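Listed below, chain by chain, are the residues.
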Amino acid sequence: MTKTRILEVVASLAPAGAENVVSYLATGFDRARFNTGVVSFYDARPHGLEGRLAERDIPVWHLGKRAGFDPRIFSRLSQIVKQFRPDVIHSHCYVLRYLMHISGPLMAHTVHNIASAEVDLLGRMIHRYAYKRGVVPIAVGEEVAKSFGRMYGFLPPATIPNGIDTDRFWRPGARSKWRAANGFSEDEILIVSTGRLAPQKNPVALADAIANVPGARLLLAGEGALRPALEGRDRVHLLGIRDDIPDILAAADIFALASDWEGLPLAVIEAMAAGLPVVATNVGSVAEAVQHGHTGLLVPVRDQRMLTNALLALTNDVARRHEMGAAGRDRAQSFGVHNMVKSYEKLFTRLRELPPGRLRRKHGDAEPACVPPIASSEYWKQGSVTSV
């Protein structure tokens, strides 16, 4: 049987959401049926995911992209495509704009964020053209799919929720050791947030909230442009980019996310897998993972009072924290990496079986409804991707 050759294309291999999805897919695809390569526009950086890929002998190409528009990427991608000969090119985030000159391979694009925030205006124009040309959009959640429909006028034929290695984030024995090594006592309430210190994630709202949550400390694991606005804040600890996220989560009591917009953030699923209750803004597909009142508390976006009150409620109720954390760990199993990988395998196999030219959308084509928000082997029924 001829193996399906998949080329994953992403902006970088920094340890962030879309990049982790690429790593999980590249290392998780069935090697008896798939050969996978990975392209990173930017060169390797500290704490990157290259090591995880190297352990599984996944070939990686770095294109040395410069900041802003870089026309050199077109020819460099063409050379890699000629060398690797992929059957499917799978793109993420803004990189699709650099792939429109390539013909031959099937193309799929995962939409990791609500469609209005995924790319800029030029990017949306290019994506609209790409989808008409036959690029298959994949949403990471039901709300992401709905936002895509509002933006582009049809629903993605595939919705595959993000998945993680849930076992990697269950480390209850690491709590005391990490706290002792980092100067925190056993009885302190630690609220953790992992992610970029960027306007989208709105970590300043968490820092403002912690000022009104007596006795609690906020741990921010990540870097970004908002670091200067957070430095020197009382009871706010800037941890930088870390390799020990599972241990940090194990040491914490509550996970918090105050984003203005999201897709289906891996950080939330990781926190649930670690057994933490989640306080998060109800944006994007967050509510498809966090069940309000059961695995955590969801608050309106940019509502500082509600955010503070939610943190206070869990800080003052240890029993409720433990109940929500246990429920969240159970819930996280629905987002295991195995489900995600198998769903992508089935989708890519189905795409290869379609007649040539079938993926081009014609004016007036009917579009399929998006599939349910939890990945399972029942997702891809006969014909589910044929009306793209």
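All values derive from a computational prediction rather than experimental measurement.

K.L.:
Account for the overall build of the protein, naming residues and giving values.
P.N.:
Each helix and strand in the protein was counted, giving 14 helices and 13 strands. Each principal axis of the C-alpha atoms in the protein carries an extent, and together these give about 60 × 40 × 40 Å. Taking all 388 residues of the protein together, 55% fall into the buried category. Taking all contacts inside the protein whose residues are at least 6 apart in sequence as the whole, residues at least 24 apart take part in 67%. Roughly 15,900 Å² of accessible area belongs to the protein as shown, and the carbon and sulfur atoms make up 52% of that amount.

K.L.:
Report on the pattern of salt bridges, specifying residues and quantitative values.
P.N.:
Inspection of the entire model under this criterion finds 19 salt bridges. Look at the salt bridges and you will find they share partners, linking Arg175, Arg179, Glu186 and Asp253 into a network.

K.L.:
Account for the nonpolar core, naming residues and giving values.
P.N.:
In this structure, Leu7, Val39, Phe41, Leu77, Leu249, Phe255 and Phe348 are the most contacted members of the largest nonpolar core, which totals 87 residues. Per-element tally for this core: the top contributor is helix 11 (residues 266-273), with seven residues. Every residue in contact with Phe255, bar those within four places of it in the chain, is listed here: Val192, Ser193, Thr194, Leu249, Ala267, Val268, Ala271, Leu276, Pro277, Val278 and Val279. Residues Leu206, Ala207, Val213 and Leu314 belong to the second largest nonpolar core, which totals 26 residues.

K.L.:
Explain the packing of aromatic side chains to me, and be specific about the residues and the numbers.
P.N.:
Applying the stated rule across the entire model yields 15 aromatic pairs. On the numbers, 5.3 Å between centres and 90° between planes, the contact of Phe148 with Phe154 is edge-to-face. Phe154 shares its class with Phe148; the two are buried. Ring centres 5.9 Å apart and planes at 5° place the aromatic pair Trp178 and Phe184 in the stacked group. The exposure class of Trp178 is buried, given its relative accessible area of 5%. Within the aromatic cluster, the residues linked to one another by ring pairs are Phe41, Phe69, Phe74, Tyr94 and Tyr98.

K.L.:
Could you give an account of the side chain of Ser259, naming the residues involved and the relevant values?
P.N.:
Residue position: Ser259 is located in the loop between strand 11 (254-257) and helix 11. Ser259 sits in the buried class, given a relative accessible area of 0%. A polar atom in the side chain of Ser259 sits 2.7 Å from the side chain of Glu262. In contact with Ser259, other than residues within four places in its own chain, are Gln200, Lys201, Thr281, Val283 and Val301.

K.L.:
Please give an account of the pairing of strand 11 that cites residues and values.
P.N.:
Residues Ile254 and Ala256 of strand 11 are buried on one face, and the alternating residues Phe255 and Leu257, pointing to the opposite face, are buried as well. Across two bridges, the pairing between strand 8 (residues 189-194) and strand 11 is parallel. Pairing of Val192 across the sheet is with Phe255, part of strand 11. You can see the chain leave strand 11, run along helix 11 and come back into strand 12 (residues 278-281), and the turn it takes is right-handed.

K.L.:
Any details on helix 8 (residues 203-210)? Residues and values, ideally.
P.N.:
Think of an α-helix as 3.6 residues a turn; residues three or four steps apart then line up on the same face. With seven of its eight residues buried, helix 8 lies for the most part within the structure. Along helix 8, the residues that are buried comprise Pro203, Val204, Ala205, Leu206, Ala207, Ala209 and Ile210. On the buried face of helix 8, the contacting elements are strand 8, strand 9 (216-221), helix 9 (227-230), strand 10 (236-240), strand 11 and helix 12 (304-315).

K.L.:
Could you give an account of the sheet that holds strand 2 (residues 34-40), with specific residues and numbers?
P.N.:
One open sheet accounts for seven strands, arranged 3-2-1-4-5-6-7; its pairing is parallel. Two strands lie at the open edges of the sheet, namely strand 3 (60-62) and strand 7 (158-159), each paired on one side alone. Across four bridges, the pairing between strand 5 (residues 106-111) and strand 6 (residues 136-139) is parallel. When the bridges of strand 6 are listed, Val111 appears paired with Ala139. In the packing of helix 1 (residues 17-28) onto the sheet, the strands contacted are strand 1 (4-10), strand 2 and strand 4 (88-92), and the crossing angle to strand 1 comes to about 165°.

K.L.:
How would you summarise the pairing of strand 12 if you had to cite specific residues and measurements?
P.N.:
The side-chain alternation of strand 12 yields two buried faces, one formed by Val278 and Ala280 and the other by Val279 and Thr281. Bridge count for strand 11 against strand 12 is three bridges, and the pairing is parallel. Note that in strand 12 the partner of Phe255 across the bridge is Val278.

Calculation notes
- Residues numbered from 1 in each chain as written.
- Predicted model: local features only at pLDDT ≥ 70, side-chain atom pairs only at ≥ 80, totals over all residues.
- Heavy atoms only, no water.
- Helix = DSSP H or I, 4+ residues; strand = E, 2+ residues; numbered from the N terminus.
- Buried < 20%, exposed > 50% of the residue type's maximum accessible area, 1.4 Å probe, protein only.
- Contact = heavy atoms within 4.5 Å.
- Areas by Shrake-Rupley, 256 points an atom, 1.4 Å probe, with all protein chains shown as cover.
- Salt bridge = Lys/Arg side-chain N within 4 Å of Asp/Glu carboxyl O.
- Core = buried A, V, L, I, M, F, W, Y, C linked by side-chain atoms within 4.5 Å.
- Phe/Tyr/Trp six-rings, centres within 6.5 Å; stacked < 30°, edge-to-face > 60°.
- Polar contact = N/O pair within 3.5 Å; in protein donor to acceptor, adjacent residues only side chain to side chain.
- Pairing = 2+ DSSP bridges.
- Right-handed = clockwise from strand over helix to strand, strands pointing away.
- Axes fitted to C-alpha atoms, helices over the stretch in contact; angles between N-to-C directions.

Interpretation note: all reported values are geometric properties and have no functional meaning in isolation.
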